[in-house]
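Architecture at a glance
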Amino acid sequence: MSEQTGAPGAARAELVRQIYLAGISGHKPELSTDLTSLEEAARAVLEPHAYAYIAGNAGTGTTGRANREAFERWRLLPRMWTGVSERDLSVTLFGQRLDAPVLLAPVAAQTVAHPEGELASVRAAADVGLPFVLSSVSSHSMEDVAKAAGSEPRWYQLYWPNDPAVAESLVRRVESAGYAAIVVTVDNPAFGYRPCDMDTAYIPFVHGHGIANFTSDPAFRAGLPEDGGPLAAAGHWAKISSNPALTWDDLPRLRSWTTLPILIKGIQHPDDARKALASGANGVVVSNHGGRQLDGGVAALDVLPAVRAALGPDVPVLMDSGVRTGTDVVKALALGADAILLGRPYLYGLALAGQAGVEHVLRCLLADLDLALALTGSRSVADITRDLVVPSGPLAP
Ligand SMILES: Cc1cc2nc3c(=O)[nH]c(=O)nc-3n(C[C@H](O)[C@H](O)[C@H](O)COP(=O)(O)O)c2cc1C
Ligand SMILES: CCCCCCC(=O)C(=O)O
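Residues numbered from 1 in each chain as written. Chains lettered and ligands numbered in written order. Predicted model: local features only at pLDDT ≥ 70, side-chain atom pairs only at ≥ 80, totals over all residues. Heavy atoms only, no water.

Heads up, the rule is: UniProt positions are given in the numbering used here, feature names are shortened, and annotations may be inferred rather than shown by experiment.
Per an unreviewed UniProt entry, the protein goes by Alpha-hydroxy-acid oxidizing protein and derives from Streptomyces flavofungini. Here is the UniProt Sequence similarities (unreviewed entry) comment for the protein, exactly as written: "Belongs to the FMN-dependent alpha-hydroxy acid dehydrogenase family."

1. With respect to the overall build of the protein
Rule in force here: Here a helix means four or more residues in a row that DSSP labels H or I, a strand means two or more in a row labelled E, and each is numbered from the N terminus. The atom set for the radius of gyration is the C-alpha atoms, and the globule formula is 2.2 Å times the number of residues raised to the power 0.38. Relative accessibility thresholds used throughout: buried, under 20% of the residue-type maximum; exposed, over 50%; partly exposed, between the two (1.4 Å probe, protein chains only). Contacts are assigned to residue pairs that have any heavy atoms within 4.5 Å of one another. Charge convention: Lys and Arg are scored as positive, Asp and Glu as negative, and His as well as the terminal groups of each chain are ignored. Charge coordinates come from a single atom per side chain, which is NZ of Lys, CZ of Arg, CG of Asp or CD of Glu.
Helices and strands together make up the secondary structure of the protein, namely 16 helices and 12 strands. Relative to the compact-globule value of 21 Å for 397 residues, the protein shows a C-alpha radius of gyration of 20 Å, a close match. Projected onto its principal axes, the C-alpha positions of the protein cover 70 × 50 × 45 Å. Per-residue burial for the protein yields a buried fraction of 57% across its 397 residues. Here the contacts in the protein between residues at least 6 apart in sequence split such that 74% fall between residues at least 24 apart. Here the protein carries 32 positive and 42 negative side-chain charges, and the mean point of each set is 3 Å from the other.

2. Focus: the site of ligand 2
Test applied: Think of it this way: one heavy atom of a residue within 4 Å of a molecule or strand is enough to make that residue near it. In protein, a polar contact requires one atom able to donate a hydrogen and another able to accept it; more generally it is a pair of N or O atoms within 3.5 Å, and residues adjacent in sequence count only if both atoms are side-chain atoms. Working definition of accessibility: Shrake-Rupley area with a 1.4 Å probe, residue cover restricted to the visible protein chains.
Around ligand 2 there are 13 residues in total, and Tyr-53, Tyr-159, Arg-194, His-289 and Arg-292 lie nearest to it. One of the side-chain N or O atoms of Tyr-159 is found 2.5 Å from an oxygen atom in ligand 2. His-289 is positioned with one of its side-chain polar atoms (N or O) 2.8 Å from an oxygen atom of ligand 2. In the complex, 92% of the free accessible area of ligand 2, which totals 340 Å², lies under the protein chains.

3. Details of a nonpolar patch on the surface
Short version of the rule: Note that patches include only residues with greater than 30% relative accessible area and no salt bridge, and the join distances are 9 Å for like charges and 5 Å for nonpolar side chains (Val, Leu, Ile, Met, Phe, Trp, Tyr). By definition, a salt bridge exists where a carboxyl oxygen of Asp or Glu is found within 4 Å of a side-chain nitrogen of Lys or Arg.
Side chains of Ile-203, Val-206 and Leu-231 sit close together on the surface and give an oily, nonpolar patch of about 290 Å² of accessible area. On the secondary structure map, Ile-203 appears in the loop between helix H8 (195–200) and helix H9 (212–215). Overall, Ile-203 belongs to the partly exposed group, its relative accessible area being 43%.

4. Re the site of ligand 1
Using the following cut-off: Under the scheme applied here, ten amino acids are nonpolar (Ala, Val, Leu, Ile, Met, Phe, Trp, Tyr, Cys and Pro), four are charged (Asp, Glu, Lys and Arg), and all others, including Gly, are polar.
Every one of the 22 residues lining ligand 1 counts as a neighbour, but Pro-106, Ser-135, Thr-185, Arg-324 and Arg-344 are closest to it. Contacts to ligand 1 include Ser-135, whose side-chain N or O atom sits 2.7 Å from an oxygen atom. In the environment of ligand 1, an oxygen atom lies 3.0 Å from a nitrogen or oxygen atom belonging to the backbone of Gly-322. Protein chains bury 98% of the 600 Å² of accessible surface belonging to ligand 1 in isolation. Within the shell around ligand 1, the residues separate by chemical class into 8 nonpolar, 9 polar and 5 charged.

5. A look at the pairing of strand E9 (residues 283–286)
Note the cut-off: Between any two strands, pairing holds if DSSP finds at least two bridges. With the strands aimed away from the viewer, a crossover counts as right-handed if its path from the first strand over the helix to the second runs clockwise.
Alternating residues of E9 divide into Gly-283 and Val-285 and Val-284 and Val-286, and every residue in both groups is buried. Bridging between strand E8 (residues 262–267) and E9 involves 4 bridges; their strand directions are parallel. Pairing of Ile-264 across the sheet is with Val-284, part of E9. As a crossover connection, the stretch from E8 through helix H13 (residues 270–278) into E9 is right-handed. Pairing of E9 with strand E10 (residues 317–319) involves 3 bridges; the strand directions are parallel. By the bridge assignment for E10, Val-284 is matched with Val-317.

Spelled out as structure tokens, the structure:
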């Protein structure tokens, strides 16, 4: 977030300029500006089990593919001569002004991709001015990540543990460490059936990745056996980490621990969106976890308009699962999202070049988005309305 108001932030204008100047001078970027190509590039540098964990989907990958197919089914219907020399990508969520409608999705155990993990990602997010959403299951503690973010915005994603003392302790730390919102993920009552991980017999959390918020938590440590080493900590985490007994009746308890905005992530049914709001949430994230949980499920983009209709125009609705380009962001916004969360693409940037790789991905996405605004005739996010997208195929006369 920056203090700037109005037309595009200097940083974004500069990145568009740099990308084009690079083309003119013949100076090739180290990583491709086609973000969809980074997965293959990252595959070449990652250990097979690490690539499988990041890229993998549940089951046969049907939901993961559906996420992309849904974006492909929509086409942008651009308008001309609307006067787009000044473009403003900013949005306001929960009173917080964001330079662009883009956040970094919570992704677990980022040291699997790069030794600096979340510290590299949050620094990149801060440099570009986008909020970072820290996973509960991070390889660096929420306090260390907050320090690396400096004064830039960060949100926290909560997997609600089944130990009430640990749950409350985590939430209180989130508030003390200056996180600006809590994103509660509800699509994970159990780990999805993921052949990609079972076949490599790889679970990051037993290899020292992803449990820093727990090993640094006094309530968690109180439950550890005295002589327990890292394996005992991982074992204890596995016991308390998920909470399949949760129902909507539990949300008021979380509400009583914090005044921060609460978003529910993993919403796919309009009735669940209504229940989330009725139980005390302030917004939702339409998501199927990038296809990593339920195979054969609906595409996130396909349910977005129904969720928006259920909640009305004023409730913050974010979405993720399948966003790969700036034009995907425009489609999601046109179909009802206030902002999107970017997932795997920034992890591939992280794997390829650490902080610089994440920055590259974010700058490319923002440049693409800025140009998509110009090319669709949109001067601001408010101009991205439902009539900017049509189903693929001939336009009805
Ligand atoms: C390796 C990996 C780890 C993830 N870890 C978490 C997590 O800890 N918490 C969470 O809510 N979502 C997690 N997600 C889901 C993302 O937040 C997001 O919903 C998903 O990546 C969107 O799909 P996409 O990356 O295909 O666009 C993870 C996704 C990946 C790829
Ligand atoms: C209950 C915690 C499981 C952590 C799963 C991390 C994740 O969301 C993913 O791999 O996807």
